[in-house]
Amino acid sequence: MFFYYLQLGGRSLSRNPVVTLLIVLLIAVGVAGSVTTFAVLRAVSADPLPERSARLFVPQIDNRGPNRVTTDREPDPDMTYRDVAALRGRRAASPQTAIYSITLSAVPADLELQPVSAKGYAVNADFFRMFAVPFEYGGAWSRESDDVGGSEVVIGHDLNRKFFRGSNSVGKEISLAGHTYRVSGVLNEWNPLPRFYAAPWVQAYAPPAQVFIPFQRAIDLKVPTTGGTLCAFNYTGTGWDDLIQSECSWIAFWIELPDHDAVVRFRTYLTAYAEEQRASGRFDWPANVRVYDLRQWLKYMHAVPAETRISFIVALGLLLVCTVNTVGLLLARFMRHAPDIGVRRALGASAAAIYAQYLTESGIVGLAGGLLGVLLTEFGIRGLRFVFEARVARIVHPDAGILSVAILLALGVSLVAAAYPVWRASRIQPAWQLKVG
Amino acid sequence: MIPFRPILSAMTRHKAGVFLIAMQIALTLAIVANAIFVVSQRVAYLSRPSGIDEANIVVVDNQWVGALTPFEAQARTAADLAMLRSLPDVADAYADYSYPAAGPIASVWAIYLSADQASPTSFSEPYFADDHTLATYGVRLIAGRNFAPDELSAGTASDKTAAGPVIVTQDLATKLFSNEAALGKVVYVSGVPLTIVGVMANMEVPSVGTRSFAYRSILSPTHLADPDGDQYIVRAKPGQAEHLRQSLRASLLALSRMRIVDPVDGVQSFGALRSKAYSRDSGLVILLSTVCIILMLATTGGIVGITIFWVGERRRQIGVRRALGARRVDILAYILAENFLIAAGGTIAGSALAFAVNLALMHYLEMASLPARYIAIGSALLLILGQCAALSPARRAARVSPIEATRLAAG
């Protein structure tokens, strides 16, 4: 029976090719638009570290009080050096890492090769364990090296390829901003996106970082941050030594906590620390602290570009309009077949049979719309680089999941759109139509 | 005379079709009005002028290799600038930490009118400028004078402020002193007194994303030389920008190889850098415009489809009307008027929907409130579109011959 309906559907569709094509196009465009923008939204709001994110936290301390420029009472996203040093010194949580962005001129030992500008971070040894960073060779530097600021470096996959032709370079030397470092580890390709761990509002979709040096080493060498530094507007300090003493915030601080109790304990601890600062005369306002987990942090930092959300909403609107449109066109087409339906009913077809026939016909249209939609989605995802930043566009891929979503959505849309027209068709009275025809 | 009563009563005979067309128009209007609003805002934002001689400016990102002392950095930067200024295709050049509309990060200076004022009068963003800066950007001095060579101090971007002269933009001068002359006045940044010696035409600040102080630039007299390297802003002689963009890296490497200028994006034209900085906005404009066009096409297609169906359904009635003396133009007017009534109903519902969508967007996406004129524009557009869509089926209806009345009735 189903094949008979398929045949009937095919014949009826080819009788009115323009309207058929219009419906297929509408479904395809609506589906491709929403699926493409959904793929973008899914990619940019993905959890960058799904296995670790629940245990990673960012503490924040309000070190400006009510005198800030903005009116909300949210503490600065980063921390001051003095708070980072204090929290690190007390080992309030373990593992923990301070992070700030740096750019170093990297000169290879092999003088044949060009020096390059290497972007990366000053971090603590725990960084690699906390964020489950994969190593190709070697590993993180030692705790001792971490404490004294040893001249060791972890380099990225690309830098290792450029300077050491991809070989095991552990123990070899490399010159960064005029100082010699020993390679302690080489990373596999590693670039969780969005880049959550430092300044996600500036460089959420940056290419993989290529150098990581001990935080203490960077501080000792006064390596400037290439991220943001947030100071009070009446800040009068100049240069590095003032910055270290100041209330300017510029260092990200991450901790790992095993469970909810630990989070509660840490929050209490952080509040006590802020109160202690108040008692010592540094703050003259009650403790105002935050402890965000990774996902809350990304949300708070607006790491998902607003544009991706706007476009998804607009695309859903497009899908809705296309669906309503399809309802209208299907209604028109089925009503046109009223005489045929009358004849079939008169010859003994039940209302259910009419249902089945026209739902099948709509299904065929939906499937065709879905297939064209898949094609358009492929084009859409390729065209993303004209619409979103190249770095965002690059992380969106048309995978099998997304493409099957497109087909299912098209089928769903066509069946939903067909519901009312099919119901109308099934109610056509046999005798009445015969009289006219 | 258009027969409104019969049209309305005819509509009650096919409620579903009427409802579907009206709803389509309403939904399309709700989306299109909001989309046009967002597009016009973003277009205004991204096409705001930078105030500089954009076409002829090339920016070099120069990074020094090794650990330079501040003195070495000064000497090397000075040598680079001397070489750049001597090139035959170069009009002028200077070194800075940033340039107009460079990116998300910039220094912000709070400007006070007295040393003990509680909150600042204005925010601004500094350029560390030497006596070549105005000529490099091609920005006109409106009043006062340029910096004299002996007023320039050697420094880096982190040594913030020293007492001395500054040049401010017209916009900043107006903000600070409204209509009074700003020349000779003293302002305070971090408690340090600065004397305004010049007022220049408006020039965009280094950070993108700011709207309130986008043109409140301030020039601080500095021979900037950061030990890590700086941006060289180079103004080409007219028409030579592309040639410079391709040759500057080699010229700099010929002077000293102890530097990094990225072979791919180390030297870029200002136009390319600026469109990159505003790429999110231009991307959204492209996306929303595309969706609007697709939406309107889809709506038009839908209206054409349903109207053709109605005309087909009513051939006999049309034939009867024609047989009873209705002219072709009457039939045409009838179909178009019907379409107009439905579309008008749709735009009324759509206006309410557009405001509702705008309210939701204001709540979730911090959008501004939708001015009524965007709804008016959208409604007009859709009414015209509706008429265009109905035109071809209406003309087909007008061609129905009076014979049809008899033919079908007999059949």
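Residues numbered from 1 in each chain as written. Chains lettered and ligands numbered in written order. Predicted model: local features only at pLDDT ≥ 70, side-chain atom pairs only at ≥ 80, totals over all residues.

1. Considering the overall build of chain B
On a plain count of helices and strands, chain B comes out with twelve helices and 14 strands. In terms of C-alpha radius of gyration, chain B reaches 32 Å, well past the compact-globule figure of 22 Å for 411 residues. Along the three orthogonal principal directions, the C-alpha set of chain B runs to about 105 × 50 × 35 Å. For chain B, the proportion of contacts with a sequence separation of at least 24, taken over those separated by at least 6, is 82%. (Helix = DSSP H or I, 4+ residues; strand = E, 2+ residues; numbered from the N terminus. Rg over C-alpha atoms; globule rule 2.2 N^0.38 Å. Contact = placed C-beta atoms within 7 Å.)

2. A look at the domain arrangement of chain A
You can read the domains of chain A as domain 1 (2-45 + 305-436) and domain 2 (53-300). Look at where the C-alpha atoms of domain 1 of chain A and domain 2 of chain A centre, and you get two points 51 Å apart. (Domains from an automatic or database assignment.)

3. A look at the confidence of the model for chain B
Per-residue confidence for chain B gives a mean pLDDT of 89; residues scoring 70 or more make up 97%. Here the predicted complex scores 0.83 on pTM and 0.81 on ipTM. (pLDDT = per-residue confidence, 0-100.)

4. Some thoughts on the interface of chain A and chain B
Interfaces are often described in size by the accessible area the parts lose on coming together. Contacts between the two partners involve 47 residues from chain A and, on the opposite side, 46 residues from chain B. Those elements that place two or more of their residues in the side of chain A that touches chain B are helix H2 (17-44), strand E2 (96-107), strand E3 (116-123) and helix H12 (306-336) of chain A. At 20 residues, H12 of chain A tops the list of elements feeding residues into the side of chain A that touches chain B. Grouping the constituent residues of the side of chain A that touches chain B by class yields 29 nonpolar, 14 polar and four charged. (Nonpolar A, V, L, I, M, F, W, Y, C, P; charged D, E, K, R; others polar.)

5. Thoughts on the sheet that holds strand E1 (residues 57-61) of chain B
Residues and elements named next belong to chain B. Strand order in the open sheet made by the four strands is E3-E12-E1-E14, with antiparallel pairing throughout. Of all strands in the sheet, those with a lone pairing partner are strand E3 (90-96) and strand E14 (267-269), marking the two edges. The mean inter-strand angle of the sheet, taken between neighbouring strand axes irrespective of direction, is 20°. Note that E1 and E14 share three bridges and pair antiparallel. The partner of valine 60 across the bridge, within E14, is valine 267. Its contacts with the sheet put helix H3 (residues 70-86) on E3 and strand E12 (231-236), and the angle it makes with E3 is roughly 160°. Contacts between helix H7 (residues 270-277) and the sheet are confined to E1 and E14, with E14 contributing the most and set at about 80° to the helix. (Pairing = 2+ DSSP bridges. Axes fitted to C-alpha atoms, helices over the stretch in contact; angles between N-to-C directions.)

6. What to know about the pairing of strand E8 (residues 164-169) of chain B
Along a regular strand, successive side chains alternate from one face of the sheet to the other. Residues and elements named next belong to chain B. Where E8 meets strand E10 (residues 192-200), six bridges bridge the pair, whose relative direction is parallel. In the strand pairing of E10, glycine 164 is matched with leucine 194. The pairing of E8 with strand E11 (residues 217-224) spans two bridges and is antiparallel. What sits directly across from valine 168, in E11, is isoleucine 218.

7. Considering the environment of isoleucine 318 of chain B
Within the fold, isoleucine 318 of chain B resides in helix H9 (residues 315-323). When residues no more than four places from it in sequence are discounted, the contact partners of isoleucine 318 of chain B are Ile331, Ala397, Val400 and Glu404 of chain B.

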